[in-house]
Number of protein chains: 2
Amino acid sequence: MTFGKLYLIPVPLSDHAAAASFTEFSRQTINEISEYIVENEKTARKFLKQAGLQRPQSELIIHDYGKHRRGEVPASSYLKAAKEGRDLGLMSEAGCPGIADPGAEVVAEAHRLGIEVVPLVGPNSILLALMASGFNGQSFAFHGYLPIDKGPRSARVRELERESAQRNQTQIFIETPFRNNSVLEELLKTLDSRTELCVAVDLTGPTEQVVSQSVGQWRSGQGKSFKEDLHKRPAIFLLHAHKQPKR
Amino acid sequence: MTFGKLYLIPVPLSDHAAAASFTEFSRQTINEISEYIVENEKTARKFLKQAGLQRPQSELIIHDYGKHRRGEVPASSYLKAAKEGRDLGLMSEAGCPGIADPGAEVVAEAHRLGIEVVPLVGPNSILLALMASGFNGQSFAFHGYLPIDKGPRSARVRELERESAQRNQTQIFIETPFRNNSVLEELLKTLDSRTELCVAVDLTGPTEQVVSQSVGQWRSGQGKSFKEDLHKRPAIFLLHAHKQPKR
């Protein structure tokens, strides 16, 4: 018997973004799969509907490996269907499974079991922000979240700036949306005025905005600014520092 | 007068991948734009056709900023249309403009000129490979090409392995396709047997394959192997090392 495949299915980053997020092939694949491994059953069902799922949702088998379940059930148990010849879909709550989101442990287990893994094209906020920043895309690093406490956070920002200059590397990080304003404040206080800073919010959504300019321009108030407050909006932060910033 | 926007349009990574690459919104956007900035006019016209361009190609204005032209013409001259109120599209030869591909300098200039930049969802081999590897997607770095000479190349591979272990960071790099086999050989010779190594080839194409396993498994010949020779096929290499590899 041939094993089923594990399809990695990116989902929209914002509401009203289905047309900008799904490809013809991802919509088709969704209509051929009846069993899913998802980070959150409720949002997963919403995404499947947005993607144009034709079969009744009651016919689907959905394994929820969300926050409260992870670790309790081994990843291999979710993959049983693939070992029995049926295809499976993996979805997270936004963007690509396993990238700044859970899911990688399920993919790793699929490889261990010899199950073929098929990544589908779709939205990812890190990549969209990098493309839109105009910063170096030949060398970049994504670091997840900054430390929460002020001291370590400032130190980390300075470290990322130093490394960006030394390596000519774009540094990318995220923050829980209710801390956006305090992180932006921290960045503008800590970074060299010549360092380039990009903030991309609500990517693919109707209120999407990408502001990319030097820290000096951010500070002066003469550069671009956000049309609406950043607070609680999904944001990606990117910086690119020039060699040997003067301090 | 309102400025036009600069749309960043990802293009397919392989032949016969249009349905897996374009979203409804990207196809629609392509049909609303009549002026493009592209890395290669010939392939750009092919992609526009694959995306379902409805207007005659003879009506398009295409600015080619390929290898031989870059540097000769300032990026700002390509962006004139946007300053005059018309939308523009930016495309590279594969995947996302500006990511492991030229284009970032055009985006940076758009920001300087106050032109709104809109990144569209589409294929990117780095992101697809990372998602499919099962490696850490909370922290990762893309480094472009390895050094060509043997000595520096081995040293770089060891450095990436060390950094991956220290930072719990997935390390990603590419190679010109005719060097794939020699790079894989180098990796299997140099890396610790417990380090995880993923090679993803022909992503989104009919011969796509993703092999992700420990270096020990790669070496033993008992793990997965490629159905066809790697030579000259577009490939992404990823590694993830465990803390304190024994040497």
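Refer to the structure printed above.
**Digging into the relation of the copies chain A and chain B**
Stage number 1. With an RMSD of 0.0 Å, chain A superimposes on chain B once it is rotated by 180° and translated 0.0 Å along the axis. Such values leave the two copies arranged in the relation of a two-fold axis.
Stage number 2. Both copies contact each other with a shared surface, as 100% of the interface residues of chain A are interface residues in chain B too.

**Regarding the interface of chain A and chain B**
Stage number 1. If you look at the interface, chain A gives 55 residues, while chain B gives 55 residues.
Stage number 2. Regarding the contact of chain A and chain B, the summed buried area is about 4200 Å², with carbon and sulfur atoms giving 59% of it.
Stage number 3. Where chain A meets chain B, there are 4 salt bridges.
Stage number 4. Across the contact surface, chain A and chain B share 16 residue pairs in polar contact (both at pLDDT 80 or more).
Stage number 5. Of all the secondary-structure elements, those providing two or more residues to the side of chain A that touches chain B are α1 (24-30), α5 (104-113), β5 (117-119), α6 (125-133), β6 (140-145), α7 (150-167) and β9 (209-214) of chain A.

**Quick notes on the packing of aromatic side chains**
Residue and element names in this part refer to chain A.
Stage number 1. One pass over the structure, following the stated rule, counts 8 aromatic pairs over all chains.
Stage number 2. Pairing W218 with F226 gives two aromatic rings, centres 5.8 Å apart and planes at 40°, and the pair type is tilted. Accessibility assignment for this pair places W218 and F226 in one class, buried.

**Quick notes on the environment of K42(A)**
Stage number 1. The topology assignment puts K42(A) in helix α2 (residues 41-50).
Stage number 2. Remark: the alpha-carbon pair of K42(A) and E228(A), spanning 186 residues in sequence, is separated by 29 Å.

**Remarks on the side chain of Q213(B)**
Residue and element names in this part refer to chain B.
Stage number 1. Structurally, the position occupied by Q213 is in strand β9 (residues 209-214).
Stage number 2. Within the local environment of Q213, its side chain forms a polar contact with the backbone nitrogen of K224, the two atoms lying 2.9 Å apart.
Stage number 3. The contact partners of Q213, leaving out residues within four places of it in the chain, are T195, E196, L197, W218, G223 and K224.

**Focus on the pattern of salt bridges**
Stage number 1. Per the stated rule, a full pass over the model turns up 26 salt bridges over all chains.
Stage number 2. In this structure, the salt-bridge partner of R86(B) is E84(B), at a minimum N-O distance of 3.1 Å.
Stage number 3. Members of the salt-bridge network, linked through shared partners, are E35(A), K80(A), E84(A) and R86(A).

**Quick notes on the sheet that holds β5(A)**
All names here are of chain A.
Stage number 1. A sheet is described by the order of its strands in space; here 5 strands give the open sequence β3-β2-β4-β1-β5, paired in parallel fashion. Edge positions in the open sheet fall to β3 (61-64) and β5, since each of these has one partner strand only. Within this sheet the neighbouring strands show an average axis-to-axis angle of 20°, counted without direction.
Stage number 2. Of the pairings in the sheet, the one linking strand β2 (residues 35-38) to β3 comprises 4 bridges and is parallel in character. Within β3, the residue paired with V38 across the bridge is D64.

Rules used throughout
- Residues numbered from 1 in each chain as written.
- Chains lettered and ligands numbered in written order.
- Predicted model: local features only at pLDDT ≥ 70, side-chain atom pairs only at ≥ 80, totals over all residues.
- Heavy atoms only, no water.
- Least-squares fit on C-alpha atoms with pLDDT ≥ 70 in both.
- Contact = heavy atoms within 4.5 Å.
- Buried area = accessible area lost by both parts, 1.4 Å probe.
- Salt bridge = Lys/Arg side-chain N within 4 Å of Asp/Glu carboxyl O.
- Polar contact = N/O pair within 3.5 Å; in protein donor to acceptor, adjacent residues only side chain to side chain.
- Helix = DSSP H or I, 4+ residues; strand = E, 2+ residues; numbered from the N terminus.
- Phe/Tyr/Trp six-rings, centres within 6.5 Å; stacked < 30°, edge-to-face > 60°.
- Buried < 20%, exposed > 50% of the residue type's maximum accessible area, 1.4 Å probe, protein only.
- Pairing = 2+ DSSP bridges.
- Axes fitted to C-alpha atoms, helices over the stretch in contact; angles between N-to-C directions.

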